[in-house]
Amino acid sequence: MTTRRTRPAPRPPEGTPPRAELARQARAVLADAVRIAHWAAGTPGPGTAAPLAAHALERAATALELSPAQVRAGWDRARLAGLVELHGDTARPGWRLRAWDRDDSAVLRGWVALFDAWSLVHAAPEGIEAGAVAEAVEAVPQVLSLLQLSAGPVTVPALLDLLGQRVAELHEERCEVPLGPGRTAPAASAPQSGTAADRAATAGPARSADLNALLLDWALEGLAAVGALTLGKGHATLTPLGNWAVWVKLEQICVAAQSPAGNIEQSAADMLLGCARLTPGPARDEYRAWLAARTVGSAVAELLAVARGEDALLRGLAFEALRVVGAPAEPEVRAVLAEPSLRPYALLWLAEYEGNDPDDAQDVLSREEATWLWVDTAAAVADHGETGLLVRHLDSAVQGTVPALLDEVRAVGHPRTVQVLVALAAAHPDPALAKAVRRAAFQVHTGGA
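Residues numbered from 1 in each chain as written. Predicted model: local features only at pLDDT ≥ 70, side-chain atom pairs only at ≥ 80, totals over all residues. Heavy atoms only, no water.

Caption draft 1: Up close: the overall build of the protein. Along its length, the protein carries 23 helices and five strands. Intrachain contacts of the protein at a sequence separation of at least 6 include 64% that bridge at least 24 residues. Working note: accessible area of the protein is about 23300 Å², and carbon and sulfur atoms make up 56% of it. (Helix = DSSP H or I, 4+ residues; strand = E, 2+ residues; numbered from the N terminus. Contact = heavy atoms within 4.5 Å. Areas by Shrake-Rupley, 256 points an atom, 1.4 Å probe, with all protein chains shown as cover.)

Printed below as a string of structure tokens:
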């Protein structure tokens with residue numbers, strides 16, 4: 001039992017539309033992307049991969065009565081929002097497309113994925129150094145926070161000032177000292193060739209302000225293109241969708257700051273071990289806090305690295321944490337389907353992610369995969385649990401009888417099979433059954449039938 005106080009579920013800012021209305025707005029933003037995704041889903045054969053082949057582009061433009069530019073933009077949005085999935089050179093409808101008309105949560109997750117990818121939707125101005133573009137992208141969350149906290153229009157000069165401050169902070173964090181008045185750079189560091197944007201990136205404060213203004217215009221246009229804000233004459237305002245999305249992300253930061261068990265700074269393995277004895281609710285709170293303190297990509301990569309290790313308990317817990325990640329983890333989880341040790345966990349994760357009832361998710365596993373997972377779970381129990389749990393674990397086997405289970409366990413090839421069978425034989429109170437299990441362990445160990 002735990003006596004710690006739980007944090008009440010936060011409420012969106014006053015005036016935020018209900019989720020159904022937010023989902024309606026998200027559907028409107030992605031309307032062309034949905035039409036193109038449906039068209040691609042009903043168009044078998046090559047030519048619907050990324051980028052959209054020329055002949056497919058022409059066919060889609062004709063069928064949907066859109067311009068080629070609109071089709072290309074809608075196709076990119078469909079991919080970024082998870083409405084289509086790429087498998088080699090073939091595009092298939094994503095689960096969000098199938099759930100689009102009935103599941104508001106799926107719609108909002110799809111729009112947030114597009115919102116997070118705003119810098120891919122709207123190409124950066126040509127000729128600007130990649131590092132300067134990356135700094136602008138990194139500074140945009142502060143710009144969005146100011147817009148959200150202001151709860152109304154914010155002038156472009158105020159946003160430009162904030163962007164400049166944040167970029168300067170990033171330089172300071174990297175110990176980059178800008179040139180000030182009266183200081184000159186060595187000749188080698190002041191090239192006279194290149195684009196105007198390149199020269200702006202390496203010139204003095206006035207040119208830096210010009211570059212920041214160019215990058216701010218690009219960022220605001222990109223965010224407007226995904227429906228996160230509207231642009232007026234000299235000012236910008238978050239849309240209800242944008243306001244809600246920024247609030248959600250700020251709440252994630254607050255959760256990270258209030259990790260109840262203090263696992264934020266731990267590695268993924270240590271965090272998962274720290275959560276092993278927590279009940280599901282508190283464990284999810286810890287996962288959310290740990291995840292919110294990291295970029296999604298690095299967190300997912302670290303969790304999957306732990307899942308590939310030898311500790312079966314951590315493997316299962318890693319996928320529990322990935323359930324909290326949700327949509328952003330989907331591509332990486334799909335990618336591990338080819339790894340035998342992770343495939344059963346990934347199949348269950350994807351089944352639940354696509355809306356299947358957790359009690360029915362086991363149906364997606366083949367008999368061999370279910371048996372492999374049974375052995376892996378038994379290994380986790382043997383390493384970290386009590387002997388009584390290992391005996392009760394017998395009841396969860398799909399085979400129904402112990403002889404059938406032992407036959408299939410011997411064949412499945414799990415690296416921990418011998419240890420699991422030995423531990424089960426030592427724990428089981430029935431001497432005859434324990435003897436049969438020991439015999440099976442010996443046969444696996446010696447390679448006998």
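Next comes the rest of the account.
Caption draft 2: Region of interest: the pattern of salt bridges. Inspection of the entire model under this criterion finds 14 salt bridges. Residues D376 and R315 are paired through a salt bridge, measuring 2.9 Å at the closest nitrogen-oxygen approach. Of the two residues, D376 sits in helix α19 (residues 367-384) while R315 sits in helix α16 (residues 312-325), which places them 61 residues apart along the sequence. Judged on exposure class, the residue D376 and its partner R315 are both buried. Measuring nitrogen to oxygen at the nearest pair gives 3.1 Å for the salt bridge that ties R367 to E408. Highlighted residues: R367 in helix α19 and E408 in helix α21 (residues 402-412), separated in sequence by 41 residues. (Salt bridge = Lys/Arg side-chain N within 4 Å of Asp/Glu carboxyl O. Buried < 20%, exposed > 50% of the residue type's maximum accessible area, 1.4 Å probe, protein only.)

Caption draft 3: Focus on the packing of α19 against helix α22 (residues 417-427). Following both chains from N to C, one finds α19 and α22 inclined at 60°, their axes separated by 9 Å at the closest point. Relative to α22, the element α19 is oriented oblique. Crossing handedness for the pair α19 and α22: left-handed. On α22, the residues that touch W374, V375, A378, A379 and A382 of α19 are T417, V420, A423 and L424. Considering only residue class, the contact of α19 with α22 consists of eight nonpolar, one polar and no charged. (Axes fitted to C-alpha atoms, helices over the stretch in contact; angles between N-to-C directions. Parallel < 35°, antiparallel > 145°, perpendicular 65-115°, else oblique. Left-handed = near helix turned anticlockwise from the far one by under 90°. Nonpolar A, V, L, I, M, F, W, Y, C, P; charged D, E, K, R; others polar.)

Caption draft 4: View of the packing of helix α18 (residues 343-353) against α19. For the pair α18 and α19, interaxial distance at closest approach is 9 Å and the crossing angle is 105°. Here α18 lies roughly perpendicular to α19, going by the angle between them. Contacts between α18 and α19 involve R343, P344, Y345, L347 and L348 on the former and, on the latter, E369, W372, L373, D376 and T377. Grouping the constituent residues of the contact of α18 with α19 by class yields six nonpolar, one polar and three charged.

Caption draft 5: The nonpolar core, seen in detail. Counting residues in each nonpolar core, the largest one holds 62 residues, and the members touching the most others are L272, L303, F319, L322 and W374. Ranked by the residues each element gives to this core, the list is headed by α19, at nine residues. Apart from the residues lying within four places of it in its own chain, the contact partners of W374 are H393, L394, S396, A397, L405, V409, V420 and L424. Among the nonpolar cores identified, the runner-up in size contains 61 residues, and A56, A78, L147 and L211 belong to it. (Core = buried A, V, L, I, M, F, W, Y, C linked by side-chain atoms within 4.5 Å.)

Caption draft 6: Region of interest: the sheet that holds strand β5 (residues 235-238). Taken together, three strands build an open sheet; the order of strands is β3-β5-β4 and the sheet is antiparallel. On the outer flanks of this sheet lie β3 (154-155) and β4 (229-232), each paired with one strand and no other. Strand direction decides the pairing type here: β4 and β5, joined by four bridges, are antiparallel. Paired with T230 across the two strands is T237, which belongs to β5. Those strands touched by helix α8 (residues 130-150) are β3, β4 and β5, and its axis lies near 75° from that of β5. (Pairing = 2+ DSSP bridges.)

Caption draft 7: Spatial organisation of helix α15 (residues 296-307). In this model α15 runs 16 Å from its N-terminal to its C-terminal C-alpha over twelve residues, within 8% of the 16 Å that 1.5 Å per residue would give. Buried residues of α15: A299, V300, L303, L304, V306 and A307, and no others. Burial along α15 is one-sided: seen end-on, the buried residues are contained in an arc of 155°. Turning to α15, the residues buried within the fold contact α13 (268-275), α14 (280-292), α16 and α17 (330-335). (Expected span 1.5 Å × (residues − 1). Arc of directions from axis to C-beta.)

Caption draft 8: Structural view of helix α23 (residues 431-446). Here α23 is 16 residues long and its end C-alpha atoms lie 22 Å apart, about the 22 Å a rise of 1.5 Å per residue gives. Looking at the buried side of α23, the elements it contacts are α21 and α22. At the N-terminal boundary of α23, the capping side chain belongs to D430, with an oxygen 3.0 Å from the backbone nitrogen of A432. (Polar contact = N/O pair within 3.5 Å; in protein donor to acceptor, adjacent residues only side chain to side chain.)

Caption draft 9: Examining the pairing of β5 more closely. Here β3 runs beside β5; their pairing, made up of two bridges, is antiparallel. From the neighbouring strand, T155 faces β5, where its bridge partner is H235.

Caption draft 10: View of the environment of G274. Position of G274 relative to the elements: it lies in helix α13. Residues G274 and E286 lie twelve residues apart in sequence; the distance between their C-alpha atoms is 9.2 Å.

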